[in-house]
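Structure at a glance
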Amino acid sequence: MATDSWALAVDLQESAAESLSNLKLKEETSNAEPKEATVKHDPSDKLDKTAKLDKSGDNLEVKQDDDDKEDKAAQSLLNKLIRSNLVQSTHQVEVLQRDPNSPLYSVKSFEELHLKKDLLQGVYGMGFNRPSKIQETALPMMLAEPPQNLIAQSQSGTGKTAAFVLAMLSRVDLSQRHPQCLCLSPTYELALQTGQVIEQMGKYCPDIKLAYAVRGNRLEKGQKISEQIVIGTPGTVMDWCTKLRFIDTKKIKVFVLDEADVMIATQGHQDQSIRIQRMLPKDCQMLLFSATFEESVWKFAQKVVPEPNIIKLRREEETLDTIKQYYVLCDNKEEKYHALCNIYGAITIAQAMIFCHTRKTAGWLAAELSKEGHQVALLSGEMMVEQRAAVIQRFRDGKEKVLVTTNVCARGIDVEQVSVVINFDLPVDKDGNPDCETYLHRIGRTGRFGKRGLAINMVDSKYSMNILNRIQDHFNKRIEKLDTDDLDEIERIAN
Ligand SMILES: Nc1ncnc2c1ncn2[C@@H]1O[C@H](COP(=O)(O)OP(=O)(O)OP(=O)(O)O)[C@@H](O)[C@H]1O
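Calculation rules
- Note on numbering: residues in each chain are counted from 1, in written sequence order.
- Local features in a predicted model are, by the rule used here, given only for residues with pLDDT of at least 70; side-chain atom pairs are given and counted only at 80 or more, and totals for whole chains, interfaces and linings are based on all residues.
- Buried residues are those with 20 or more other C-beta atoms within 10 Å of their own C-beta, exposed residues have 12 or fewer, and partly exposed residues lie in between; C-beta atoms are placed from the backbone.
- Helix numbering and strand numbering both begin at the N terminus, where a helix is a DSSP run of H or I of at least 4 residues and a strand a DSSP run of E of at least 2.
- By convention here, the C-beta atom is placed from the backbone, and a residue is near a molecule or strand when that atom is within 6 Å of it.
- Side-chain classes are defined by residue name, with Ala, Val, Leu, Ile, Met, Phe, Trp, Tyr, Cys and Pro counting as nonpolar, Asp, Glu, Lys and Arg as charged, and the others, Gly among them, as polar.
- Looking at any residue, its pLDDT shows the predictor's confidence there, from 0 to 100.
- Here, residues touch in the contact sense if the C-beta positions derived from the backbone fall within 7 Å of one another.
- An arc is given here, and it is the one of the directions from the helix axis to the C-beta atoms.
- Whether two strands pair depends on DSSP finding at least two bridges between them.
- Helix axes use the C-alpha atoms of the stretch in contact, all axes being lines fitted to C-alpha atoms, and the angles between their N-to-C directions lie in the range 0 to 180 degrees.
- Note that the term roughly parallel is reserved for angles under 35 degrees, roughly antiparallel for angles over 145, roughly perpendicular for angles of 65 to 115, and oblique for everything else.
- Handedness of a crossing follows from how the near helix is turned relative to the far one, being left-handed for an anticlockwise turn of less than a right angle and right-handed for a clockwise one.
- Linking buried Ala, Val, Leu, Ile, Met, Phe, Trp, Tyr and Cys residues through C-beta atoms within 7 Å yields a set, and such a set is a nonpolar core.

A short note on unusual backbone geometry
Each neighbour pair has its own omega, and for Glu145 with Pro146 the value is -10°, a cis peptide bond. Positive phi, close to 50°, is recorded for Arg245, a residue that is not glycine. Residue classification places Arg245 among the partly exposed residues on the basis of 14 C-beta atoms within 10 Å. For Glu259, which is not glycine, the phi torsion reads 50° and is therefore positive. Looking at the secondary structure, you find Glu259 in the loop between strand S6 (254-257) and helix H8 (260-263).

So, the site of the ligand
In the neighbourhood of the ligand, 19 residues make up the surrounding shell, with Phe128, Ser156, Gly159, Lys160 and Thr161 lying closest. Put simply, the parts of the chain that give the shell around the ligand at least two residues each are helix H2 (63-82) and helix H5 (160-171). Within the shell around the ligand, the residues separate by chemical class into 6 nonpolar, 10 polar and 3 charged.

Looking at the confidence of the model for the protein
Scored by pLDDT, the protein has a mean of 82; 82% of the residues are at 70 or more. Throughout residues 1-69 the model reports pLDDT below 50, and contacts reaching past four residues in sequence, or to other chains, amount to 92 contacts. Interface scoring of the predicted complex returns ipTM 0.98; its pTM is 0.78.

Some points on helix H10 (residues 295-304)
Within the span of H10, buried status applies to Val297, Phe300, Ala301 and Val304. On an axial view of H10, the arc spanned by its buried residues comes to 105°, and they lie on one face. Every exposed residue of H10 that faces more than 90 degrees away from the buried side is listed here: Glu295, Lys299 and Gln302.

Let's talk about the sheet that holds strand S1 (residues 93-96)
Spatial strand order, S1-S8-S2-S7-S6-S3-S5-S4: 8 strands in an open sheet with mixed pairing. Here the strands that pair on one side only, and so sit at the sheet edges, are S1 and strand S4 (210-213). Across the sheet, the mean angle from the axis of one strand to that of its neighbour is 15°, orientation sign disregarded. Along the sheet, helix H6 (residues 188-201) makes contact with strand S3 (181-184), S4 and strand S5 (229-232), crossing S5 at roughly 155°.

Brief notes about the packing of helix H9 (residues 267-278) against H10
Remark: H9 packs on H10, axes separated minimally by 9 Å, with the N-to-C direction vectors making an angle of 20°. As the angle between them shows, H9 and H10 are arranged roughly parallel. H10 is crossed by H9, and the crossing has right-handed handedness. Facing H9, whose interface residues are Gln270, Ser273, Ile274 and Gln277, H10 presents Phe300, Lys303 and Val304. Looking at side-chain class alone, the contact of H9 with H10 contains 3 nonpolar, 3 polar and 1 charged residues.

Some details on the nonpolar core
One finds Met168, Phe255, Leu287, Leu288, Ile354 and Val404 to be the most contacted residues of the largest nonpolar core, which totals 120 residues. Ranked by the residues each element gives to this core, the list is headed by H5, at 8 residues.

What to know about the sheet that holds strand S11 (residues 352-356)
One open sheet accounts for 7 strands, arranged S12-S13-S11-S14-S16-S10-S17; its pairing is parallel. Two strands lie at the open edges of the sheet, namely strand S12 (376-379) and strand S17 (480-481), each paired on one side alone. Bridging between strand S10 (residues 323-329) and strand S16 (residues 453-459) involves 7 bridges; their strand directions are parallel. Looking at the pairing, Tyr327 lines up with Asn457 of S16. In this fold helix H13 (residues 385-396) packs onto S12 and strand S13 (402-406), with an angle of close to 150° to the strand it touches most, S12.

A word on the packing of H5 against H6
Where H5 meets H6, the axes come as close as 10 Å, and the angle between the chain directions of the two elements is 55°. With respect to H6, the axis of H5 lies oblique. In terms of crossing hand, the pair formed by H5 and H6 is right-handed. For the pair H5 and H6, the contacting residues are Thr161, Ala162, Val165, Leu166 and Leu169 in the first and Thr194, Val197, Ile198 and Met201 in the second.

Some thoughts on the pairing of strand S7 (residues 285-290)
Among the 6 residues of S7, 6 are classified as buried, and the element is accordingly described as predominantly covered. Alternating positions in S7 separate into two faces, Gln285, Leu287 and Phe289 on one and Met286, Leu288 and Ser290 on the other, with burial throughout. Summarising the sheet, strand S2 (residues 150-154) and S7 pair through 4 bridges and their orientation is parallel. Note on S7: the bridge partner recorded for Leu150 is Leu287. Bridge analysis of S6 against S7 gives 4 bridges, and the strand direction is parallel. Its bridge partner being in S7, Phe255 is matched across the sheet by Met286.

Encoded structure:
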């Protein structure tokens, strides 16, 4: 076995090269300030929706912040683009009421919410038959009179956006032609996505209008906005509220802060959100949503949402119980490839995902597999989020049978039909330690689906053997050795 880790070395080189090219990109971006594209209100079909994520910010923040935010924001956008339906949950919602003595309502149908007819039509028009788990409790709380504040956390895809969009739409007073609901999103792309949901759900409410406070949408100075709902990114919203005075903040009745965990990854956005919140009237309803709830999100949430009700829905846990795990000993990447071919030669694999540590390896492996006649899809870091979504969709549709990917690209992807996961490189964190969380995420299944799976780990050095052992110890689940030159043995593991 080789004693050093080529993957780590390549990765270090790659990340160094990447940060240089990123710096260049940032420079280019800042020099090339937009030349005042004048786009008015309904920009949904006029703004450039394919803009790359890293040009999204209102301000250019510290690079570290941007990378982190970009990663989270990209992941969130990818999730939205590839999601085909609601993520169901087997858990109960946990509710912490501001006033524990007030009754807690939960609804099983949208009718029970007594929505306006046009709005109910919009909800059904989207194909929603009944409220999702989080909506059952969150909607009556958000629609209650007098309005109540809410902090809600549940994993992506559980129906948070649809819930607050419904709350905003139902609170609009049509006799008033000024902004009444203000929603902050962390990035331009995410704001557009949520804007689309508002437009879709409000389809049968023609008098409700929506304005996008995002870069590129520049209005005449001194103008007041007549749209009742404004969605935007913190920097532009801040400008619209202060410098440009397009929005009278004292007239805002509902304030929504979406994707708080993504938002706070950028210090600037956090500060701007707090400053915007401070300009709102005391009786404005404040709503905050987040997919995760670490300490930093919680601290931020408490700053922007006074006296909140709190709703949490635990995420479905991933488990290794239904997974058979193996490792294969090799000397180098060519041998790993050879082992992979043997596995393919011995068993029928409906669909597989193969994880590599670096883009370079992923590209090389995809090319080699294609040469062998496999239908291969490649997810790579330089792809735009929309392109990644398209690749994942094709794979889901079964157009390709193998998906080769680096870790960053594949985070959050849930491809149920994948029967085999191959760690061509084991997951390690920045310091070269085993990344057990990622390992679980790559090969773990939610208990609910319960499908059996096969995970094969390629080990090519003492270093990676050590990583494997530590992963094994961490989960206290044995990873068996597999001899890929013994075809009978490979056949046996597939049964
Ligand atoms: N009550 C419902 N019935 C059926 N589908 C729903 C319902 N509510 C939402 N959906 C759909 O489920 C998907 C996820 O919903 P939504 O985007 O609101 O979740 P989310 O928790 O906000 O996710 P994210 O954190 O990624 O924004 C969407 O495709 C949405 O149209």
